[in-house]
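An overview of the molecular structure
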Amino acid sequence: MKLIDISIVVPLYNEEAVFDLLIQRLTQVIDATDFSCEVVLVNDGSIDNTAILIENICKKDTRFTGVLLSRNYGHQLAVSAGMANSRGKKGVMIIDGDLQDPPELITEFYSLLMQGNDVIYAIRKNRKEGFFKKLAYKAYYRLQKKISNFNIPIDSGDFSMLSRRVVDTMINMPEQSRYLRGMRAWVGFKQIGFEYDRHERHAGETKYSWTKLFELAFNGIFNFSDFPVKIITRLGFFTIVFSLCYFLYNIYRKIFYNDVPQGFTATILAIILFSGVQLISLGLIGEYVLRIYNQVRNRPLFVIDKIIIEAEETSEKN
Ligand code: UDP
Ligand code: MG
């Protein structure tokens, strides 16, 4: 069998509306490259016809392989499943199935890979999303950069090309709550950004609900930052200093003006305020405990229903 240089991993969840165009664009791309490519289509438990469409194209063209998951595991795990089943000797390119990331950029990515870069991550110059979502993304990435333990590049998503050694390292990282762009940055080696215009989704609706988006954002913060836990300690110190000052002030009033007791409002305020602080603190610690719990259960990251790799001989092409 011909050696495969690059695997293109595409996670798909209910993407029948965009599927034909996706395959058309991908086929054009892999026809044109002077290195050999395979496309790994991952069906993330779609409830539409995506799985059937994947099976059909894999039967027609051996350069396409299918990984069908047993249910919907979410984007990050779908990509992980694709990476784990990729055969590209030189590396893997990760793209979204909705053509927001132009697959044509593979040539630029590949030449940067050949220049000795291990991670080529795409940076979104602009986004074609609603104002509010854009603002939320912007704020989030900046917050994350401020508080994360190491540098996760701003405004870059999962669209990237990774060298084989980076892919292998990431596959062997057993993290349950996966935040691939963080893991990718953690691996290190030579990493380089590549600016591009993010297009609009070609068809269908976004498959990232707000819940999923928040889950991803939380993983980005809690998996790569100690800041939330540290801030609890700082808050604790601040509270103690503040209450001591208040106590001294009261003593001063008592001695020089004799007008204490007063401050019923202050008492109530303190109780409510610090009950809130305590609840939030518990929640923050809970986020880490939850992650520990998920990790120690040691479940497999995903379950595969079926892998479709057609033998070269049975193909119409060769
Ligand atoms: N996706 C997935 N599983 C999910 C949600 C999304 O595999 O549970 C895929 C989806 O089919 C698409 C990619 O992940 O190929 C990015 O999702 P989407 O375009 O809906 O996210 P957005 O671009 O709106 O953030
Ligand atoms: Mg999209």
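For the structure given in this document, a descriptive report is provided here. (Residues numbered from 1 in each chain as written. Chains lettered and ligands numbered in written order. Predicted model: local features only at pLDDT ≥ 70, side-chain atom pairs only at ≥ 80, totals over all residues. Heavy atoms only, no water.)

1. Overview of the overall build of the protein
- Along the backbone of the protein there are ten helices and eight strands.
- Against the compact-globule benchmark of 20 Å for 318 residues, the protein has a radius of gyration of 25 Å, which places it well outside the compact range.
- Expressed as lengths along the three principal axes of its C-alpha atoms, the size of the protein is roughly 95 × 40 × 40 Å.
- Taking all contacts inside the protein whose residues are at least 6 apart in sequence as the whole, residues at least 24 apart take part in 83%.
- Split by element, the accessible area of the protein, about 17,000 Å² in all, is 62% carbon and sulfur.
- Computed over 38 positive and 35 negative side-chain charges, the inter-centroid distance for the protein is 8 Å. (Helix = DSSP H or I, 4+ residues; strand = E, 2+ residues; numbered from the N terminus. Rg over C-alpha atoms; globule rule 2.2 N^0.38 Å. Contact = heavy atoms within 4.5 Å. Areas by Shrake-Rupley, 256 points an atom, 1.4 Å probe, with all protein chains shown as cover. Lys, Arg positive; Asp, Glu negative; His and termini not counted. Charge placed at Lys NZ, Arg CZ, Asp CG, Glu CD.)

2. Some points on the nonpolar core
- Grouped together as the largest cluster of nonpolar side chains are 41 residues, with contacts concentrated most on Val42, Leu69, Met83, Leu162, Met170 and Tyr179.
- Discounting residues that sit within four places of it in the chain, Leu162 has contacts with Met83, Lys90, Gly91, Val92, Ile94, Leu113, Asp118, Val119, Val167, Met170 and Arg184.
- One finds Val10, Leu22, Cys37 and Tyr110 within the second-largest nonpolar core, a separate group that totals 36 residues. (Core = buried A, V, L, I, M, F, W, Y, C linked by side-chain atoms within 4.5 Å. Buried < 20%, exposed > 50% of the residue type's maximum accessible area, 1.4 Å probe, protein only.)

3. Here we look at the coordination of the magnesium ion (ligand 2)
- Note on the magnesium ion (ligand 2): its protein donors are Asp98 (OD) and Gln100 (OE1). The metal-donor distances range over 1.9 to 2.0 Å.
- With relative accessibility at 8%, the residue Gln100 sits in the buried group. (Donors = N, O, S within 2.8 Å, 3.2 Å for Na, K, Ca; no water.)

4. Considerations on the side chain of Ser36
- Here Ser36 shows up in the loop between helix H1 (16-32) and strand S2 (37-43).
- In this structure Ser36 comes out as buried when scored by relative accessible area, which is 12%.
- A distance of 2.6 Å separates a polar atom in the side chain of Ser36 from the backbone oxygen of Leu3.
- The contacts of Ser36, once residues within four sequence positions are left out, are Lys2, Leu3, Ile4, Asp5 and Ile6. (Polar contact = N/O pair within 3.5 Å; in protein donor to acceptor, adjacent residues only side chain to side chain.)

5. Topic: the packing of aromatic side chains
- Applying the stated rule across the entire model yields ten aromatic pairs.
- Here Phe35 and Tyr110 contribute two aromatic rings whose centre-to-centre distance is 3.7 Å and whose plane-to-plane angle is 15°, an arrangement assigned as stacked. Note that Phe35 is positioned in the loop between H1 and S2 and Tyr110 in helix H4 (residues 106-114), a separation of 75 residues in sequence.
- On the basis of relative accessibility, which here comes to 6%, the residue Phe35 falls in the buried class. (Phe/Tyr/Trp six-rings, centres within 6.5 Å; stacked < 30°, edge-to-face > 60°.)

6. Some details on the site of ligand 1
- What surrounds ligand 1 is a group of 20 residues, the closest being Glu15, Asp44, Asp98, Thr206 and Lys207.
- Take Pro11: an N or O atom from its main chain is 2.8 Å from an oxygen atom of ligand 1.
- In this structure, an oxygen atom belonging to ligand 1 sits 2.6 Å away from a side-chain N or O atom of Gln100.
- Within the complex, 96% of the 530 Å² of free accessible area of ligand 1 lies under protein.
- For the shell around ligand 1, the class distribution of residues is six nonpolar, six polar and eight charged. (Near = heavy atom within 4 Å. Nonpolar A, V, L, I, M, F, W, Y, C, P; charged D, E, K, R; others polar.)

7. Remarks on the packing of helix H5 (residues 131-147) against helix H8 (residues 210-222)
- Axis separation between H5 and H8 bottoms out at 10 Å; the angle between their running directions is 15°. Between H5 and H8, the interaxial angle falls into the category roughly parallel. Pair H5 / H8 crosses with right-handed handedness. Contacts from Phe132, Lys133, Tyr137, Tyr140, Leu143, Gln144 and Ile147 in H5 reach Trp210, Leu213, Leu216, Ala217, Gly220 and Ile221 in H8.
- Residue classes in the contact of H5 with H8 are distributed as ten nonpolar, two polar and one charged. (Axes fitted to C-alpha atoms, helices over the stretch in contact; angles between N-to-C directions. Parallel < 35°, antiparallel > 145°, perpendicular 65-115°, else oblique. Left-handed = near helix turned anticlockwise from the far one by under 90°.)

8. Some remarks on H8
- Helix length check: H8, at 13 residues, gives a terminal C-alpha distance of 18 Å against a target of 18 Å (1.5 Å per residue), a fit within 8%.
- Among all positions in H8, only Leu213, Leu216, Ala217, Asn219, Gly220, Ile221 and Phe222 are buried. (Expected span 1.5 Å × (residues − 1).)

9. Brief notes about the pairing of S2
- Summarising burial for S2: seven of the seven residues are buried, a large majority.
- Neither face of S2 is left uncovered, since the one carrying Cys37, Val39, Leu41 and Asn43 and the one carrying Glu38, Val40 and Val42 both have all their residues buried.
- As defined by bridge partners, strand S1 (residues 6-12) adjoins S2 across seven bridges and the pair is classed as parallel. Counterpart to Val10 in the pairing with S2 is Leu41.
- Of the crossover connections in this fold, the one passing from S1 over H1 to the parallel S2 is right-handed.
- Examined bridge by bridge, S2 and strand S3 (residues 64-69) share five bridges and lie parallel to one another. Residue pairing across strands places Leu41 opposite Gly66, the latter belonging to S3.
- With helix H2 (residues 50-60) bridging S2 and its parallel neighbour S3, the resulting β-α-β unit is right-handed. (Pairing = 2+ DSSP bridges. Right-handed = clockwise from strand over helix to strand, strands pointing away.)

10. Re the packing of helix H6 (residues 164-171) against helix H7 (residues 180-187)
- Interhelical geometry of H6 versus H7 gives an angle of 120° and a closest axis separation of 10 Å. Crossing angle aside, the handedness with which H6 passes H7 is right-handed. From H6, Val166, Thr169 and Met170 reach across to H7, where they touch Leu180, Met183, Arg184 and Val187.
- Grouping the amino acids of the contact of H6 with H7 by side-chain chemistry returns five nonpolar, one polar and one charged.

Bear in mind that shape data such as this cannot, by itself, settle questions of function.
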